[in-house]
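Chains, contacts and geometry: an overview
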Amino acid sequence: MSLATILQRVAEYKPHYVTVTGGEPLAQKDSLLLLRALCDAGYEVSLETGGALDVGEVDARVMRVVDIKTPASGEVAKNRWENLEFLTPHDEIKFVLCDENDYQWAKQILQQYHLVKKCGVLFSPAYDTLNATQLADWILRDRLPVRMQLQLHKLLWNNVPGH
């Protein structure tokens, strides 16, 4: 699909805010052009990325929501720690937590990298793995300066691919 066609389809919805996500957007050849074109068209734009690829070239107008993969995800080795230097208060880091060990690990990463001073931090319970109430209780108990986020796309559409 051409860039012009994508912009035309987005415009049909008349959105104010556009999120580019799904798989790994930065793995797509023209993702940086798309992000810039969406910003140029006047949209407020966010990018949700798995955190394994370089976010340094992403247009500064785009809010970068960068995952930090946890040990229980089995993907912790994919974290590109160099991405942390590019983050600004406009951006966010997201941890999807599978269990209490992930939670404790994420707390350590928060401190080690001073993440709450760099950008917003989101803690999300892994869908059908960690009870959201349990995660909320831990956050409140430890008075963490993070926002809790649920994976709404999975809740609203029952984890059906394509949503």
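The structure reproduced in this document is the subject of the present report. (Residues numbered from 1 in each chain as written. Predicted model: local features only at pLDDT ≥ 70, side-chain atom pairs only at ≥ 80, totals over all residues. Heavy atoms only, no water.)

Some remarks on the packing of aromatic side chains
What counts is decided by this rule: For Phe, Tyr and Trp, rings pair up if their centres lie within 6.5 Å, where Trp contributes its six-membered ring, and each pair is then called stacked (planes under 30 degrees apart), edge-to-face (over 60) or tilted (otherwise). Strands are runs of DSSP state E lasting at least 2 residues, helices are runs of H or I lasting at least 4, and numbering of each runs from the N terminus. When a residue's accessible area, from a 1.4 Å probe over protein chains only, is under 20% of the maximum for its type it is buried; when over 50% it is exposed; and in between it is partly exposed.
Counted according to the given criterion, the structure contains 6 aromatic pairs. Taking 5.9 Å as the distance between ring centres and 85° as the angle between the ring planes, the aromatic pair formed by Tyr103 and Phe123 counts as edge-to-face. Residue Tyr103 is located in helix α3 (residues 100–112), and its partner Phe123 is located in strand β5 (residues 120–125); the two are separated by 20 residues in the primary sequence. The two residues Tyr103 and Phe123 agree in class, both being buried. Clustering of aromatic rings is evident, with ring pairs tying together Trp81, Phe95, Tyr103, Trp105, Tyr113, Phe123 and Trp138.

A word on the packing of helix α1 (residues 3–13) against helix α2 (residues 31–40)
Rule in force here: Only the contacting stretch of a helix is used when fitting its axis, a line to C-alpha atoms as for every element, and angles between N-to-C directions run 0 to 180 degrees. What sets the label is the angle itself: under 35 degrees gives roughly parallel, over 145 gives roughly antiparallel, 65 to 115 gives roughly perpendicular, and the rest give oblique. Take the far helix as the reference: if the near one is turned anticlockwise from it by less than a right angle, the crossing is left-handed, and if turned clockwise, right-handed. Residue contacts are defined here by distance: any two heavy atoms, one from each residue, within 4.5 Å place the two residues in contact. Amino acids outside the nonpolar list (Ala, Val, Leu, Ile, Met, Phe, Trp, Tyr, Cys, Pro) and the charged list (Asp, Glu, Lys, Arg) are all regarded as polar, and Gly is one of them.
Look at α1 against α2: their axes get within 11 Å of each other, and the N-to-C directions meet at 45°. Classified by the angle their axes make, α1 and α2 are oblique. Remark: the crossing between α1 and α2 carries right-handed chirality. Between α1 and α2, the contacting residues are Leu3, Ile6, Leu7 and Val10 on the first element and Leu33, Leu34, Ala37 and Leu38 on the second. Across the contact of α1 with α2, the residue classes tally to 8 nonpolar, no polar and no charged.

Quick notes on the nonpolar core
As a reminder of what qualifies: We define the nonpolar core as a collection of buried residues of types Ala, Val, Leu, Ile, Met, Phe, Trp, Tyr and Cys that are connected through side-chain atoms lying within 4.5 Å of one another.
Ranked by size, the top nonpolar core spans 36 residues in total, and within it Ile93, Phe95, Leu115 and Phe123 carry the most contacts. The dominant element in this core, judged by the number of residues it contributes, is α3, at 5 residues. Residues contacting Phe123, with those up to four places away along its chain left out, are Phe95, Leu97, Tyr103, Ala106, Leu110, Leu135, Ile139, Leu144, Val146, Arg147, Met148 and Gln149.

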